[in-house]
Structure formats: structure tokens, C-alpha cells
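Residue-level structure breakdown
Each chain, written out:
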There are 2 protein chains.
Amino acid sequence: MMEMNFNQHISGQFNADLEAIRNQMMGMGGLVERQVSAAIEAICGGETSGADDIIRREDEVDSMEVAIDHECTQILVRRQPAASDLRMVLAVSRVVRDLERIGDEACKIAIHTLEVADARNTQICQQSLRYMGAEVVKMISGALDAFARADVDGAIEVVRNDKLVDKQYAAALRELITYMMEDPRSISQAINILWILRALERIGDHARNISEQVIYLVSGTDVRHTPLSEIEEQAATKDDSKS
Amino acid sequence: MMEMNFNQHISGQFNADLEAIRNQMMGMGGLVERQVSAAIEAICGGETSGADDIIRREDEVDSMEVAIDHECTQILVRRQPAASDLRMVLAVSRVVRDLERIGDEACKIAIHTLEVADARNTQICQQSLRYMGAEVVKMISGALDAFARADVDGAIEVVRNDKLVDKQYAAALRELITYMMEDPRSISQAINILWILRALERIGDHARNISEQVIYLVSGTDVRHTPLSEIEEQAATKDDSKS
């Protein structure tokens, strides 16, 4: 194992390594965002061919997670990064895990879309699906942008939007249960919609997780399990990044 | 930052550090396992006071994740571990994330149990809940045992059991949907049971993830997203651990 270059982290090669995992992560983020958009298009527009594509590309997302995480481990071994470099490697490694989960959820949406499309009742909760869908896509791109620009305010905005998505989700669930009670024959269909709503809500959670890593990256503070109000407060009082 | 002890990883203090995070992880695992057992007891035995306790202790699980993950980062910074030491640190850091998620799911079970307990129909899917519940508790303790003993066969056994839980889950869902169609007034209640079944299925997934980290720890192979048959094959052909 090459352990001779301890202080190369000011060197060009180390910077290139860090830049590479960040870029790969961004590339993975772009793919995952497209998967989610396509999944929402599939359920809202009834485009089942899109759903097939999403399921086919799921493996690609999985491989990216494994490959990028492997790169991160290699950097830990070869470069022994410290401070903000170490935070970058750890943050990338955590973010790709959340991106992979988002890819999973997109795949679930596609699978349930195919089941719904076989039957009538594709119209259940269409407005909620469209609205939540647009919101979570915005959250994913917002979280990735915030990461790219090390933008804590942008990250906090995403955390804030997650609260909104949670509210939309609760309202959509109530609507769905009423629908099921009124038309019990539609229950199987409605359960598919239920899983899709759930997947959208989970995607929001993962986008929130990614944003929390932006805050960790910039300030070194682990804000997982921290309420929004506290995150906002910390950001307001602490402007210097300890790196 | 103390970076003078590069080769201390054969030293007592380094070993003590590694042992400490492993022990803390095991302690967290024990707590999480108790949370899940209590949650299953609450829904199957109707013990709502147990459910309250679980929700109260959720914060404890969260803090443990943050604290242990922080310790892992500190070891990376101070010790720059390589090879199997590095794998231990990375594996612990990933396992605590899964343990935290399992804790989350136990908490969700408790919350939905309280909602169910307020009404009639606590009897829906009782047998499936009990059966799946027993299975996932076995999986958690199996995964933790496999980690403690670096036991690849034990880990593979857990991965195998996850397939079983997935089947139980699918059968329970069919049962639940039939129930809802026959008695639409019970839909709100049944949806609570649906979330509990889902939580149990997710706990199985996380126990599987933990087991995959045992395989990574021992053999250095990343088996996330690898089918069971392939994992079994790899384990059969490769007996030497590359450390």
C-alpha cells in the first residue's frame, strides 16, 4: 500500500482525486434525478415505456454507488486526508448511499406504475402525485447544487422543503383512505398509489440527508437528527467554517 | 491534530480504540434489538406502555449513531488505519447507520401500535405480525453475532432469512388487502397494520445490510446489490481473507 505521500494533500494529484469523486457523485446525482423525473412522468403521464427504462437503469445506479464508495476508501488508504478533505471524502461516501436509495425509490415508483397502468383508476391522487413529485425533484437538484457550491443556505432550504413534502404526503394519504372507503374495489390499485406516495416522501427524506452532509462539509457539524429550527440557528450564529 | 503515531496500529492504544467502537456498536445493537422486540410485544400483546417507552428511547439510539460515527471519524484522522483496520472502522460506521434505521422502524411500529390500540381490530394479521416479528429479531441478533465473531456463514444465513421475510411480507399484504375489501370500515386501522408490516420488512433489509458488512469486513468484498446465490458462491470458493 502506498503510504509515502502524507503531505501530498496540497498536491495536484490529491486535489484531482477529491475532484474526481465529487464529480462522479455529481454524475450519479444527475442520473438519479433523471430517474426520479422519469418515474413521476411515468405515473402522471401514463408512459409505461419510461417505467421499463427506469427499472433497467437501476443496476447502473447501484454500480455507481459501489464504485464511488470504493474510490473513497482508496483515498482514505492512500492519502490519509484530514480536516475538510476528510469531511469531503466522508460526505461523498454518505451522499452516494442516499443517492442509491433515491434510485431505489424511483425504481419502486416505476414498478407500481406498471401495476397501476394495467388497470383502471390511474387517476387516483394525480394532483398530489404531480405536486409532491415536482417538489422532490426540486429538492434533489437543490441538495446537489448546494453540495456543488458548499452552500449552507441552499441546504437549509432543502431541509425546509422536506417539511412541506411531509405535509403534502399526510394530506394525500387522507385523500387516498377516503377514496378506498368509498370504492373498496379500487383498494389494490390504491395500495399501489400508496407505495408511490410513500416513495416520494422517502425521496424527500434522502434529499434532506444529502443537504445535512453539505452542512457537515462546510461547518464540520453533524446535524443528523437535529430539528430544523436548531439547524437554522446554528447557521445564523456560526459563519466561520472550522477546517 | 495528533498525527505522530502512524504505525501505532500495532499498539495497544489503537487496538483499544478499535475495540471501543466495536463494543459501542454492539451496545447500540443490543438496545436496538430490545426496541424491536418491545415494539413487536406492543403490537402483538397490546402493551401500549411499551410503545411509549420505545418512542421515548428513540433519541438515545440517534445519539449513539452520531457519537459512534464521530469516534470512527476520529480514528480515521488520528490513526490513518489501513487494510482490515480500515475495513473495521468503515464497517462499524455503516452498521451504526443501519442500526439507527432499525431503531426508526421500531419507533414507527410503536407509533402505529398506539393508533391501532385506540380502536377495535387489533387482531388484523396478528399471526403474520408475530411470525415476521420473531424472524426479524432473529435476523438482527444473527447479524450482530456474525459481526462479533467475523462469521461469514452466519452472515449469509441472515441474508437467506431476508428472502423468507420478504415472502412473509408479500403474503401478509395479500391477506390485508382482502381484509380491507371485505370490511372497508376497517381501512384506517388496516393501513396502520400495513405500515407495521412494512417496517418489519425494512428491518429485515437493514439486518441484511449489516450482514453484508460482515462479509466486507472479513473478505474485503463489497457485496451490496449482489444476489444471494452469488454471495454464497463467492464464500464457497474464497476461504482466505485478504487483510
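Residues numbered from 1 in each chain as written. Chains lettered and ligands numbered in written order. Predicted model: local features only at pLDDT ≥ 70, side-chain atom pairs only at ≥ 80, totals over all residues. Heavy atoms only, no water.

Per an unreviewed UniProt entry, the recorded name for chain A is Phosphate-specific transport system accessory protein PhoU, and the organism is Bacterioplanes sanyensis. Among the UniProt annotations of chain A, the heading Subcellular location (unreviewed entry) holds the following wording: "Cytoplasm". As stated in UniProt under Sequence similarities (unreviewed entry), the record for chain A gives "Belongs to the PhoU family." (UniProt positions renumbered as here; feature names shortened; annotations may be inferred.)

Assigned secondary structure in chain A consists of seven helices and zero strands. With the C-alpha coordinates of chain A rotated into their principal frame, the extents come out at 70 × 40 × 20 Å. Across the 243 residues of chain A, 56% fall into the buried class. A total of about 10,200 Å² of accessible surface is found on chain A, and carbon and sulfur atoms cover 50% of it. (Helix = DSSP H or I, 4+ residues; strand = E, 2+ residues; numbered from the N terminus. Buried < 20%, exposed > 50% of the residue type's maximum accessible area, 1.4 Å probe, protein only. Areas by Shrake-Rupley, 256 points an atom, 1.4 Å probe, with all protein chains shown as cover.)

What follows covers the pattern of salt bridges. Here the structure, examined in full by the defined rule, presents 40 salt bridges over all chains. With its nearest N and O atoms 2.8 Å apart, the salt bridge here joins Glu212(B) to Arg208(B). Of this pair, Glu212(B) and Arg208(B) both sit in helix H6 (residues 187-219), four residues apart, which is roughly one turn of the helix. You can call Arg208(B) buried: its relative accessible area is 16%. A salt bridge links Arg224(B) to Asp222(B); its shortest N-O distance comes to 2.9 Å. By relative accessible area, Asp222(B) is classed as partly exposed at 24%. Ionic contacts of the salt-bridge type, sharing partners, join the residues Glu65(A), Asp69(A), Arg94(B), Asp222(B) and Arg224(B) into one network. (Salt bridge = Lys/Arg side-chain N within 4 Å of Asp/Glu carboxyl O.)

As a further point, take the UniProt feature "domain: PhoU" (unreviewed entry) in chain A. Residues and elements named next belong to chain A. Per the UniProt entry, the sites bearing "domain: PhoU" (unreviewed entry) are residues 27-110 and 130-214 in this numbering. Overall, residues 27-110 shows 94% helix and 0% strand. The separation of its end C-alpha atoms is 21 Å. For residues 130-214, the end-to-end C-alpha separation is 28 Å, with 92% helix and 0% strand making up the annotated structure.

This part covers the packing of aromatic side chains. Counting across every chain of the model gives one aromatic pair over all chains. Seen in terms of ring centroids, Trp195(A) and Trp195(B) are 5.8 Å apart; in terms of plane orientation they differ by 80°. Their pairing is edge-to-face. A residue pair is termed interchain when its members come from two chains, as with Trp195(A) in helix H6 (residues 187-219) and Trp195(B) in helix H6. Side by side, Trp195(A) and Trp195(B) carry an identical accessibility label, which is buried. Above the ring of Trp195(B), the side-chain terminus of Arg198(A) is found at 5.1 Å from the ring centroid. (Phe/Tyr/Trp six-rings, centres within 6.5 Å; stacked < 30°, edge-to-face > 60°. Lys NZ or Arg CZ within 6 Å of the ring centre and 35° of its normal.)

Residues and elements named next belong to chain B. Residue placement: glutamine 80 occurs in the loop between helix H2 (48-79) and helix H3 (83-117). Judged by relative accessible area, glutamine 80 falls into the buried class, the value being 7%. Within polar-contact distance, the side chain of glutamine 80 engages the backbone oxygen of valine 77 at 3.1 Å. (Polar contact = N/O pair within 3.5 Å; in protein donor to acceptor, adjacent residues only side chain to side chain.)

On to the state of the cysteines. The tally for this structure, following the rule as stated, stands at zero disulfides over all chains. Summary of cysteine pairing: Cys107(A) is not part of a disulfide, and the nearest cysteine sulfur, belonging to Cys44(A), is at 17 Å. For Cys107(A), a relative accessible area of 8% puts it in the buried group. Free of any disulfide, Cys125(B) has its nearest cysteine sulfur in Cys44(B), 11 Å distant. For Cys125(B), a relative accessible area of 5% puts it in the buried group. (Disulfide = S-S within 2.5 Å.)

In summary, the two copies of the chain are related to each other by a rotation about an axis coupled with a shift along it. Mapping chain A onto chain B is achieved by rotating through 180° and translating by 0.0 Å along the same axis, at an RMSD of 0.0 Å. Between the two chains, the operation in question is that of a two-fold axis. Considering only C-alpha atoms, the residue of chain A closest to the rotation axis is Gln80(A), which sits at 2.8 Å. Counting the interface residues of chain A, we find that 100% of their copies in chain B are interface residues as well, pointing to one common contact surface. (Least-squares fit on C-alpha atoms with pLDDT ≥ 70 in both. Contact = heavy atoms within 4.5 Å.)

On to the interface of chain A and chain B. Interface extent is often summarised as the accessible area lost during association of the parts. Listed per partner, the contact involves 38 residues of chain A and 38 residues of chain B. Taken together, the two surfaces of chain A and chain B that pack against each other cover about 3,500 Å², and 61% of this comes from carbon and sulfur. Among the residues chain A hides against chain B, the three largest losses belong to Arg97(A), Trp195(A) and His225(A). Together they make up 18% of the total. Summed over the shared surface of chain A and chain B, the number is eight salt bridges. Of all the secondary structure elements, the ones that give two or more residues to the side of chain A that touches chain B are helix H2 (48-79), helix H3 (83-117), helix H5 (152-182) and H6 of chain A. Broken down by element, the residue count for the side of chain A that touches chain B peaks at nine residues, all from H6(A). Residue composition of the side of chain A that touches chain B, by class: 18 nonpolar, six polar and 14 charged. (Buried area = accessible area lost by both parts, 1.4 Å probe. Nonpolar A, V, L, I, M, F, W, Y, C, P; charged D, E, K, R; others polar.)

Our focus in this paragraph is unusual backbone geometry. All names here are of chain A. Within the chain, alanine 150 stands out as a residue other than glycine whose phi angle is a positive 45°. With respect to the element layout, alanine 150 can be found in the loop between helix H4 (126-148) and H5. In this structure, histidine 225 is a non-glycine residue whose phi angle is positive, near 65°. Assignment of secondary structure puts histidine 225 in the loop between H6 and helix H7 (228-237).

Moving on: H3(B). With 35 residues, H3(B) ought to run about 51 Å at 1.5 Å a step, and its terminal C-alpha atoms sit 51 Å apart, in line with that. Of all 35 residues making up H3(B), 26 are buried, and the element is well covered by its neighbours. (Expected span 1.5 Å × (residues − 1).)

On to the packing of H3(A) against H3(B). Relative to each other, H3(A) and H3(B) sit at 45°, their axes nearing to 12 Å. Comparing their axes, H3(B) and H3(A) come out oblique. Where H3(A) crosses over H3(B), the two elements pack in a sense that is right-handed. Residue-level contacts link Arg94(A), Arg97(A), Asp98(A) and Arg101(A) of H3(A) to Arg94(B), Arg97(B), Asp98(B) and Arg101(B) of H3(B). Considered class by class, the residues forming the contact of H3(A) with H3(B) number no nonpolar, no polar and eight charged. (Axes fitted to C-alpha atoms, helices over the stretch in contact; angles between N-to-C directions. Parallel < 35°, antiparallel > 145°, perpendicular 65-115°, else oblique. Left-handed = near helix turned anticlockwise from the far one by under 90°.)

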